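Chain and residue survey
For reference, the chains in residue letters:
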Amino acid sequence: MYVLGIETTCDETAAAVVVDGKKILSNVITSQSDFHQKFGGVFPEQSSRQHVELLIPVIEQALSQASLSHQQLNLISVAKGPGLMGPLLIGLNAAKALALAWGLPFIGVNHVEAHLYAALMSTEEWIFPALGIVLSGGHTFMVLMHSVGHYELIGTTVDDAIGEAFDKVAHFLGLGYPGGPAIESLAKQGDSARYDFKAGQVKGKPLYFSFSGLKTNVLYTVKGQNQNKASASILDHSEKAHVAASFQYTAFMDIIHKSLQAYHNFGCKAIYVGGGVSNSQTLRQLFKKEAKNIPIFWPDPGLSLDNAAMIAGLGYQKYLKAGGGDPFSLQPMTRIPIHSS
Ligand code: KG4
Ligand code: ZN
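Residues numbered from 1 in each chain as written. Chains lettered and ligands numbered in written order. Predicted model: local features only at pLDDT ≥ 70, side-chain atom pairs only at ≥ 80, totals over all residues. Heavy atoms only, no water.

What follows deals with the site of ligand 1. Taken together, 19 residues are adjacent to ligand 1, and Gly137, Asp167, Gly180, Glu184 and Gly276 come closest. Within the side chain of Asp167, a nitrogen or oxygen atom sits 2.7 Å from an oxygen atom of ligand 1. Alone, ligand 1 offers 550 Å² of accessible surface; in the complex the protein occludes 91% of this. If you list the elements that add at least two residues to the shell around ligand 1, you get helix 4 (111-120), helix 5 (162-172) and helix 6 (179-187). Tallied by class, residues from the shell around ligand 1 come to 5 nonpolar, 11 polar and 3 charged. (Near = heavy atom within 4 Å. Polar contact = N/O pair within 3.5 Å; in protein donor to acceptor, adjacent residues only side chain to side chain. Areas by Shrake-Rupley, 256 points an atom, 1.4 Å probe, with all protein chains shown as cover. Helix = DSSP H or I, 4+ residues; strand = E, 2+ residues; numbered from the N terminus. Nonpolar A, V, L, I, M, F, W, Y, C, P; charged D, E, K, R; others polar.)

Right under this line is the structure:
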């Protein structure tokens with residue numbers, strides 16, 4: 001089955017063609033991050049306008065890179081949420097319009113579930129039950145995966161998502177948006193043991209995350225005690241590198257320790273990690289070191305950050321399972337709990 005995927009949940013306009021849920025024929029991504037860098041984050045209204053301009057050319061490019069005409073497609077899969085309402089409406093309405101014009105079924109999938117599916121796309125055989133971990137700009141959670149579409153939530157963040165914490169700390173350090181890659185690169189010049197930062201622990205919920213205290217601790221270290229986000233930094237470049245390295249190490253080790261605890265508690269046989277933060281080579285190396293004999297799977301290059309290949313791949317699985325597509329009455333959802341995907 002040839003599936004066209006469409007992704008417009010946030011600031012990436014993306015389209016891809018994937019065969020039978022795994023084989024990627026094209027994966028086109030146009031990021032608006034240069035524009036949003038000026039605002040230190042995503043600016044929703046502008047994001048919607050850019051999706052309107054970019055979506056059709058991006059879809060045309062995805063088809064031409066796959067050397068396909070729309071007559072050869074079998075299904076359109078689109079991210080129906082979670083995300084920003086304006087951008088979601090544009091992607092979903094485009095999918096509906098193309099499905100109507102081309103006489104194809106269409107299906108809406110959960111963007112966050114697709115981040116997990118991106119890790120499943122990297123391997124031939126799937127191992128269940130598994131621990132699924134999503135680490136992105138908007139979400140941070142762990143699920144027990146019984147199969148594609150059958151998840152039990154076992155831990156999530158009570159405040160900031162991990163990617164959001166990276167973006168905010170990067171802002172304190174005077175680095176650009178998105179912050180994760182900037183912190184990873186600055187941290188290479190720093191010593192991760194220089195600052196004794198601590199990630200939050202949630203009372204009575206050992207598998208839950210909290211990054212807001214850690215973030216405030218970094219803020220005071222960079223700007224001085226009781227200062228605010230607008231204050232000037234009191235640190236020089238090399239000291240900032242130590243802060244970046246120590247913050248990154250603390251946040252990642254918290255995630256790794258909780259993941260390993262969950263893995264053992266729930267009798268998992270493998271770990272699948274997805275979401276933008278899973279792009280970090282530092283995280284991958286630390287995980288490998290700590291989780292020695294555990295089979296752990298990551299998205300292939302180009303599939304960690306927002307993309308439409310994961311949307312097309314998951315759409316194929318959902319279509320097979322449901323035995324059909326969605327009705328035209330399907331509406332975008334700014335929030336979708338993972339266990340009801
Ligand atoms: O999954 P994603 O592309 O978008 C959402 O669905 O949120 O994730 C984007 C997030 C951003 O917060 C970005 O800073 C973070 O992923 N990120 C990283 C790295 N690369 C991207 N965080 C830490 N280290 C990285 N190398
Ligand atoms: Zn995402």
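Here we take up the packing of helix 2 (residues 44-65) against helix 3 (residues 85-102). Two elements in contact, helix 2 and helix 3, have axes whose closest approach is 9 Å; the angle formed by their N-to-C orientations is 40°. On the basis of their axis angle, the class for helix 2 and helix 3 is oblique. For the element pair helix 2 and helix 3, the recorded crossing hand is right-handed. Contacts between helix 2 and helix 3 involve Ser47, Ser48, His51, Val52, Leu55, Ile59 and Leu63 from the first element and Gly86, Pro87, Ile90, Gly91, Ala94, Leu98 and Trp102 from the second. Taken together, the residues of the contact of helix 2 with helix 3 sort by class into 9 nonpolar, 5 polar and no charged. (Axes fitted to C-alpha atoms, helices over the stretch in contact; angles between N-to-C directions. Parallel < 35°, antiparallel > 145°, perpendicular 65-115°, else oblique. Left-handed = near helix turned anticlockwise from the far one by under 90°. Contact = heavy atoms within 4.5 Å.)

So, on to the sheet that holds strand 2 (residues 12-19). Ordered in space as 3-2-1-4-5, the 5 strands form an open sheet in which the pairing is mixed. On the outer flanks of this sheet lie strand 3 (23-31) and strand 5 (106-110), each paired with one strand and no other. Strand-to-strand twist across the sheet, computed as the mean angle between neighbouring axes with direction ignored, equals 20°. Here 8 bridges tie strand 2 to strand 3, and the two strands are oriented antiparallel to one another. (Pairing = 2+ DSSP bridges.)

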